[in-house]
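# What the coordinates show
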Amino acid sequence: MADGVDWQKVAVASAAAQDFSIISGGPGTGKTTTVIKLLALLVQQANFDNQSMTIKLTAPTGKAAARLTESISNAKHSLPVDQSIKDAIPERASTLHRLLGANFGRSEFKFNAQNPLHLDVLLVDEVSMVDLPMMAKLIDALPAHARLILLGDKDQLASVEAGGVLGDLTAGIENLSFSPSWTNYLTDMLDNDFSSYTQSFTKDKWIGQHLTLLRKSYRFDGRSGIGLLASAVNKGSEKQALKTLYNPPDNSIAWHSVELSQESKQMPNEKIDIELLGKGYADYWQGVRSNLSIDLLFSLFSSYQVLCAVRQGELGVESINEGLRQYFYQRGYLNLDQVWEPGKAIMIRRNDTSLGLFNGDIGICMPESPDSNRMRVWFQLSDGSIKGILPSRLSEYELVYAMTVHKSQGSEFDRVVLVLPEKTGPVLTKELLYTGITRAKQHFSLWGSEMVLRHAISNKVIRLSGLQSKIWSNSEQ
Ligand SMILES: Nc1ncnc2c1ncn2[C@@H]1O[C@H](COP(=O)(O)OP(=O)(O)OP(=O)(O)O)[C@@H](O)[C@H]1O
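Here the structure is a predicted model, which means the values were calculated and not measured.

Rules used in this analysis
Residues numbered from 1 in each chain as written. Predicted model: local features only at pLDDT ≥ 70, side-chain atom pairs only at ≥ 80, totals over all residues. Heavy atoms only, no water. UniProt positions renumbered as here; feature names shortened; annotations may be inferred. 1 Å grid on protein atoms, 1.4 Å probe; cavity = no way out; pocket = protein on both sides within 12 Å on 5 of 7 lines; lining within 4 Å. Helix = DSSP H or I, 4+ residues; strand = E, 2+ residues; numbered from the N terminus. Contact = heavy atoms within 4.5 Å. Buried < 20%, exposed > 50% of the residue type's maximum accessible area, 1.4 Å probe, protein only. Pairing = 2+ DSSP bridges. Axes fitted to C-alpha atoms, helices over the stretch in contact; angles between N-to-C directions. Arc of directions from axis to C-beta. Points joined across faces, edges and corners; volume = space filled by probe spheres on them. Core = buried A, V, L, I, M, F, W, Y, C linked by side-chain atoms within 4.5 Å. Salt bridge = Lys/Arg side-chain N within 4 Å of Asp/Glu carboxyl O. Parallel < 35°, antiparallel > 145°, perpendicular 65-115°, else oblique. Left-handed = near helix turned anticlockwise from the far one by under 90°. Nonpolar A, V, L, I, M, F, W, Y, C, P; charged D, E, K, R; others polar. Near = heavy atom within 4 Å. Polar contact = N/O pair within 3.5 Å; in protein donor to acceptor, adjacent residues only side chain to side chain. Areas by Shrake-Rupley, 256 points an atom, 1.4 Å probe, with all protein chains shown as cover.

## Structural notes on the UniProt feature "binding site: ATP" (unreviewed entry) in the chain
Under the local residue numbering, the UniProt record ascribes the feature "binding site: ATP" (unreviewed entry) to Gly-25, Gly-26, Pro-27, Gly-28, Thr-29, Gly-30, Lys-31 and Thr-32. From the set just named, the residues that line the second largest pocket comprise Gly-25, Pro-27, Gly-28, Thr-29, Gly-30, Lys-31 and Thr-32. Within the secondary structure, Thr-29 sits in the loop between strand E1 (20–25) and helix H2 (31–48). Excluding its chain neighbours within four sequence positions, the residues that come into contact with Thr-29 are Gln-8, Leu-214, Arg-215, Lys-216, Ser-217 and Tyr-218. As for its position among the elements, Thr-32 is in helix H2. Judged by relative accessible area, Thr-32 falls into the partly exposed class, the value being 24%. Dropping the residues within four chain positions of it, Thr-32 is found in contact with Ser-71, Ile-72 and Ala-75.

If you want it as structure tokens, here you go:
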């Protein structure tokens, strides 16, 4: 293997030279930093050739698109390039549904093979959440000359729907091999020796040159509690994960071990401490009482999140949400008689294109104006703007003081609490744990029994789509 390779540079060299590339990396490995430089380079090349270039940014959910909008606009401002180049890079990302022109009441998208999208470069973030049918529709809608760049973390949970496209496409990414011509290209461009990558190259490993794995996290020190725990879980190492939890190297992680009763070995004999979970929202409720702006309330709300691995059961998202609602009532934050009142936070459960809302969008209930009693549910749209909707117009939604790990994909929070279920089960996998842990930027705390935790770490998602075998079947991974 080539030593001292800067994989961010490899990613740029790869995506600049080819129409299709995938950049995978864990949190803080520099996906945005890399891609913003890549976009600047593509614009510069187009300017040089006297061509205009239309770039579009997209992500599977509103939340992920809002994060992409924020991170691209931040990264763009610190780019050391001419303003004209910055101006050609968009800041606003849309959801995939919006990009493809979702039509209310119709299953077909406006943009498709017959009516392709108007763009030259498409950047898709959080690709781990995109399922196979959606990816197929997206590829169909691309014009023939388009350049497609996919970003994501291959180790995260795959989409709940059919087919984990990113996991399948990147299955052999840890052991890449390159064709001799590609090796020469990288060697010339980057001044590193890539010759060891040609050794096991066979023709069917064509995809290797389209993949780059960013390996170094600039956000977490690899030796921090969150970094060590995420890496232990990712490697499936129960021993290292438990060692990190029992003897954390710093105060970025906490472990609330729930002991199992001797008789059943299945039920925790200690209930979860709802008060402790609820206290994490104290700043948010303070903000609600002080009538802070919706922007500020969203930022307070997203600084803390309770996550659950499952929906049902005593430690599932439904009962934890109910427990939190009762706790907020006891604290005087909520009045259980009122359906809609300041501070109630919900998540949309079904796309509603007529309202411009998508499954997973989060809404906060607050008065229409500071001196009004009329409530609206406010949503932060993918472009960063805020939209207020009359509660009576909302149909399928649920409370969101706690959410499932699946729903948390594409979001990050300063502090995360992950509640494991009482019993093991097929949904509890190392990918789910890894996704939950890596949602936390500053502090992660885990509630659950050691037995359930051990099971989760040793349980891998089994992928059912045929894409992986089609691409990698003859390759040694
Ligand atoms: N090569 C680098 N050298 C120093 N700092 C870097 C480098 N690459 C990225 N960073 C810094 O690391 C932090 C995370 O980078 P970035 O936001 O690009 O990562 P990311 O993979 O997009 O993260 P995520 O998707 O998890 O939000 C940023 O503060 C960025 O400035």
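Here the narrative resumes, following the displayed structure.
## What about the UniProt feature "domain: UvrD-like helicase C-terminal" (unreviewed entry) in the chain?
The positions that UniProt labels "domain: UvrD-like helicase C-terminal" (unreviewed entry) are, in the present scheme, residues 399–443. Across residues 399–443, the secondary structure splits into 27% helix and 33% strand, with the terminal C-alpha atoms separated by 23 Å.

## Some words on the sheet that holds strand E9 (residues 345–348)
Spatially, five strands are ordered E12-E11-E10-E9-E13 in an open sheet, and the strand pairing comes out antiparallel. If you trace the sheet from one side to the other, it starts and ends with strand E12 (386–389) and strand E13 (397–399), each paired once. With direction set aside, neighbouring strand axes in the sheet form an average angle of 35°. Here E9 runs beside strand E10 (residues 362–367); their pairing, made up of three bridges, is antiparallel. Across the sheet, the residue bridging to Met-347 is Ile-362, located in E10.

## Description of the environment of Val-405
On the secondary structure map, Val-405 appears in helix H15 (residues 405–408). As for Val-405 and Gln-83, which are separated by 322 residues in sequence, their C-alpha atoms are 40 Å apart. With residues up to four places along the chain from it excluded, the contact list for Val-405 reads Leu-157, Leu-307, Cys-308, Ala-309, Leu-418, Leu-432, Thr-435 and Gly-436.

## Observations concerning helix H12 (residues 282–289)
The set of residues buried in H12 consists of Tyr-284, Trp-285, Gly-287 and Val-288. Projected down its long axis, H12 shows its buried positions confined to an angular sector of 155°, all on one face. In H12, the exposed positions that point more than 90 degrees away from the buried face belong to Asp-283 and Arg-289. Asn-291 occupies a position one or two residues after H12 and carries a positive phi of about 55°.

## Some points on the sheet that holds strand E15 (residues 413–419)
Each strand in a sheet pairs with its neighbour through backbone hydrogen bonds, running either in the same direction (parallel) or in the opposite one (antiparallel). Strand order in the open sheet made by the five strands is E7-E16-E15-E8-E14, with parallel pairing throughout. For this open sheet the edge positions go to strand E7 (253–257) and strand E14 (402–404), each flanked by a neighbour on one side alone. Between one strand and the next, the sheet's axes are offset by a mean angle of 25°, whatever the strand orientation. As paired elements, strand E8 (residues 304–308) and E14 share three bridges and run parallel to each other. From the neighbouring strand, Leu-307 faces E14, where its bridge partner is Met-403.

## Concerning empty space enclosed by the protein
Under the definition given, this model contains seven cavities of 30 Å³ or more. Taken together, Gly-62, Lys-63, Ala-66, Phe-298, Gly-360, Asp-361, Ile-362, Phe-379, Gln-380 and Leu-381 form the lining of the largest cavity. Sort the elements by how many residues they give to the lining of the largest cavity and helix H3 (residues 62–77) lands first, with three residues.

## Notes on the nonpolar core
In this structure, Leu-277, Ile-320, Tyr-401 and Phe-444 are the most contacted members of the largest nonpolar core, which totals 69 residues. Each residue touching Tyr-401, except ones within four places of it in the same chain, is listed here: Tyr-281, Trp-285, Phe-301, Gln-305, Val-306, Asn-321, Leu-324, Phe-328, Leu-334, Gly-343, Lys-344 and Ala-345.

## Some remarks on the pattern of salt bridges
When the charged atoms of two side chains with opposite charge come close together, those side chains can pair. What the rule picks out here adds up to 15 salt bridges. As a salt-bridge pair, Arg-325 and Glu-322 come within 3.1 Å of each other at their nearest N and O atoms. One end of the pair, Arg-325, and the other, Glu-322, are both in helix H14 (residues 317–330), three residues apart, so they sit about a helical turn from each other. With relative accessibility at 30%, the residue Glu-322 sits in the partly exposed group. Put simply, Arg-311, Glu-318, Arg-349 and Glu-398 are held in one network by salt bridges that share partners.

## Here we look at the packing of helix H1 (residues 7–17) against helix H8 (residues 180–190)
Between H1 and H8, whose axes approach to 11 Å, the crossing angle comes to 120°. As far as their axial angle goes, H8 and H1 are oblique. Where H1 crosses over H8, the two elements pack in a sense that is right-handed. Facing H1, whose interface residues are Lys-9, Val-10, Ala-13, Ser-14 and Ala-17, H8 presents Trp-182, Tyr-185, Leu-186 and Leu-190. Counted by class, the contact of H1 with H8 contains seven nonpolar, one polar and one charged residues.

## Re the site of the ligand
Lining the immediate surroundings of the ligand are 13 residues, of which Lys-31, Thr-32, Thr-33, Arg-67 and Arg-219 lie closest. In the model, a nitrogen atom of the ligand is placed 3.0 Å from a nitrogen or oxygen of the Gln-8 side chain. Between the ligand and Thr-29, the relevant distance is 3.3 Å, taken from an oxygen atom to a main-chain nitrogen or oxygen of the residue. When the ligand is considered free in solution it has 630 Å² of accessible area, and contact with the protein chains removes 65% of it. Ranked by residue count, the leading element in the shell around the ligand is H2, at three residues. Tallied by class, residues from the shell around the ligand come to two nonpolar, seven polar and four charged.

## Here's the deal with the pairing of E12
For strand E11 (residues 375–380) and E12, the ladder comprises four bridges, and the chain directions are antiparallel. Bridge pairing links Phe-379 to Lys-387 in E12. Between the end of E11 and the start of E12, which pair antiparallel, lie five residues, with Gly-384 showing a positive phi angle near 95°.

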